[in-house]
Amino acid sequence: MTADKGRLLLLGMVAALLAALLFLPGLPGEFVFDDEPNIVGNTSIHLQELDPSSLLQLIGTPQVSGSMRGLPTLTFALDYWRAGAADPATFKTTNIVIHALTALALAWLFNTLLQIAGMGPARARWLAPALALAWAAHPLQVSSVLYAVQRLQTMGTLFLVLALHAYSLARQAQIEGRSGRTGLMATALLWAIAMSCKEDSAQLPAYTLALELTLFRFAAADAALGKRWRKGYQLAVLVGMGLYLFVVVPHYWHWDAYAGRNYSTPERLLTQARVLCLYLWQIIMPLPSHMPFYYDWLQPSRDLLHPWTTLPAVALLLALLGSAWRLRQRMPLFALGVFLFFSAHFITSNVIGLELAFEHRNSFALIGAVLAAGSILGTASQHLQLRPLAQAGFCIVLMAGLATSTLVRAHSWSSNLLLAKAATKAAPHSARAWVQVCSSEFKAGGGNTANNTRLDQAIAACNNGVMLAPYALNNAALLIVLKTLKGSVTHRDWDLFQHRLESVQMSWDNQRAPTILTYHAQHGVKLDREQLLKALSTLSRRARLKPFQNAQIGYFVMNELASPDLAIPYFVAAIQGASPLDPFPVQLAGELREKGRPDLAKRIEHLAITRANRPAAAPSPP
């Protein structure tokens, strides 16, 4: 290793270490939101023995998060094995290490890109780690690093950075007249590894195209090779456009609302203009109060003027892209940064019916933002003829500001209650944030007991959620549970919940609200039986429930409410929606006979036989 590379390695390691230290106030932390199904409740990753058979079984087990995320899933299992349990501190510490390694790799990538853009090696050696630290120390990263399940995203980012560095070295070699074959093979391998982390790593060709449009410009010492690169990318763009227009769009496009969402495809696309501007605002104004973590309060754009901010957001993004295109030769790093930012959001801000906004989607996109911002600041300092000392002082102040915001935000992740309270201040209309405050207070006070020491605080939080988030049901449902425990529940509380259950859009969150009632009823809370039955009936009528959901309701009504007759419609819906080969009807008939109801058992058996003879019969909800 040369002296220059040794200095770069040392500076990169310092940047990585400083970045890691900023996230330590978030330990030990707790699991939150998607951590529950993917880690805490995912028994397939609860690795007890570190042996080949256990690892093979883990790799072959379908995961809640998807089938293309095997590498992070394996590391989840190793963390569980190391800790002997689902320990938040263990999982989050691994995330911090991954983030630090990415910062180190990014310093090397930035160093290569800066020198390709014409910067001298000595200056690039200092500036590259500084840019990597700016990326790693940005407070927007907190919800990627300290959100355990988002290792899916951060590991993908690590291997994408390594793949881009390998590609850059390979192309630089070809421009200098060398083969570059080894680097391209490494790029392909690292891309495959990134794809095993998260599906949006498929965007690597868009990132390499951005490199070609700005820094490499399809050049090579061999003119014929350069021509092949240009034609290859032209063909790839045409194929990609064809797949997008004729495969992806027809598959995902919905003129009506997506299932479990309150927006259609055109509305989602319009809304993403506002969402991307929101991300840019969070990047350039990195205050914790601008980053609430929960975005369920965000209303979709119905057209270009509703809300009115939609049209200006579209205009701003088009202007930014147009500027990058015009400046791709004069300011290649700025253009590259803009192209990387937009490319990173191409999948999540497109036609797939995902949630409107999540901060972790900026894990890679922030690389582009840092490059673009760094290019603008560098150009400005040249025009202003700032001395090196002044430039260094500005960088130190900027880094100190980022570090302070990240420390503050990381501390709020040290407990779910602190996180939720910070979220309610940043987004007071977030139903999820208020539910988390309420449930955290409830848990801290002792759970399902009338002697819960924090019952009043939990009730107050739920009341706030009911008033400030009228589009949601979970706060109203949890409020009924808490007031029932306290003995203060009223008909007005139930009437409000039932009215909203009849009128709000049945999002995925709202569909879960009645199960809050059934869960606590199963754990000893004496909820009103008739009101429960009414709520479950409304849910089954208004929501598109899956067979297992109907079966769960049926078992609750049969066993907890001791009403087998009233449970039958839910079982019928479950059987009609399930496969004719499903053994569920036989099992259910046996259970009904054990309860002394052979009449209901015969009805279920008859339905199963009829269903087997008519496999295409459409399910009918109760």
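What you see is a predicted model, and the numbers here were worked out from it, not measured in a lab.

### Details of the state of the cysteines
Phase 1 of the analysis: Throughout the structure, instances matching the rule amount to one disulfide.
Phase 2 of the analysis: Paired through a disulfide, Cys 438 and Cys 462 show a sulfur-sulfur distance of 2.3 Å. Residues Cys 438 and Cys 462 are joined through a disulfide that is left-handed, its torsion about the S-S bond being -95 degrees. Separated by 24 residues along the polypeptide, Cys 438 in helix 18 (residues 431-444) and Cys 462 in helix 19 (residues 455-468) bring together distant segments of the chain. Exposure class is identical for Cys 438 and Cys 462. Each is buried.

### Overview of helix 27 (residues 598-613)
Given 3.6 residues per helical turn, the α-helix brings residues three or four places apart onto the same face.
Phase 1 of the analysis: Taking 1.5 Å of rise per residue, 16 residues should cover 22 Å, and helix 27 covers 23 Å from first to last C-alpha, within 8% of that figure.
Phase 2 of the analysis: Turning to helix 27, its buried residues number three or more, namely Leu 600, Ala 601, Ile 604, Leu 607 and Arg 611. The buried residues of helix 27 occupy an angular sector of 125 degrees when projected down its axis, which confines them to one face. Projecting away from the buried face of helix 27 at angles above 90 degrees are the exposed residues Lys 602, His 606, Ile 609 and Asn 613.
Phase 3 of the analysis: Where helix 27 is buried, its residues touch helix 25 (564-577) and helix 26 (584-594).

### Describing a nonpolar patch on the surface
Phase 1 of the analysis: A cluster of nonpolar side chains, Leu 235, Val 237, Leu 238, Val 239, Met 241, Leu 243, Leu 245, Phe 246 and Val 247, forms an exposed patch at the surface whose accessible area comes to about 900 Å².
Phase 2 of the analysis: As for its position among the elements, Leu 235 is in helix 11 (residues 223-252).

### Things to note about the packing of helix 25 against helix 26
Phase 1 of the analysis: Interaxial distance between helix 25 and helix 26 falls to 11 Å at its minimum, and their mutual angle equals 170 degrees. Comparing the axis directions of helix 25 and helix 26 gives the class roughly antiparallel. Across from Pro 564, Ile 568, Phe 571, Ala 574 and Ile 575 in helix 25, the residues of helix 26 making contact are Phe 584, Pro 585, Leu 588 and Leu 592.
Phase 2 of the analysis: Class assignment of the residues belonging to the contact of helix 25 with helix 26 gives a composition of nine nonpolar, no polar and no charged.

Definitions and limits used
- The residue numbering used here restarts from 1 in each chain and proceeds along that chain's sequence as written.
- At least 70 in pLDDT is required for a residue's local features to be given in this predicted model, at least 80 for side-chain atom pairs to be given and counted, and no such filter applies to totals for whole chains, interfaces and linings, which use all residues.
- Based on all heavy atoms of the structure, the side-chain values leave hydrogens and waters out of the count.
- Here, a disulfide means two cysteine sulfur atoms that sit within 2.5 Å of each other.
- Numbering of helices and strands starts at the N terminus; helices are DSSP runs of H or I of at least 4 residues and strands are runs of E of at least 2.
- Only protein chains enter the area calculation, which uses a 1.4 Å probe; residues under 20% of their type maximum are buried, those over 50% are exposed, and those in between are partly exposed.
- A helix is expected to span 1.5 Å for every residue after the first.
- In this context, the arc is that of the directions from the helix axis out to the C-beta atoms.
- Working rule for contacts: check all heavy atoms of both residues, and any pair within 4.5 Å makes them a contact.
- The patches described consist of residues with a relative accessible area above 30% and no salt bridge, like charges being joined within 9 Å and nonpolar side chains (Val, Leu, Ile, Met, Phe, Trp, Tyr) within 5 Å.
- In short, Shrake-Rupley with a 1.4 Å probe defines the accessible areas, and a residue's cover is counted only from the protein chains shown.
- Throughout this description, the term salt bridge denotes a Lys or Arg side-chain nitrogen within 4 Å of a carboxyl oxygen of Asp or Glu.
- Every angle, taken between N-to-C directions, lies between 0 and 180 degrees, and every axis is a line fitted to C-alpha atoms, over only the stretch in contact when it is a helix.
- Roughly parallel means an angle under 35 degrees; roughly antiparallel, over 145; roughly perpendicular, 65 to 115; everything else is oblique.
- Amino acids outside the nonpolar list (Ala, Val, Leu, Ile, Met, Phe, Trp, Tyr, Cys, Pro) and the charged list (Asp, Glu, Lys, Arg) are all regarded as polar, and Gly is one of them.

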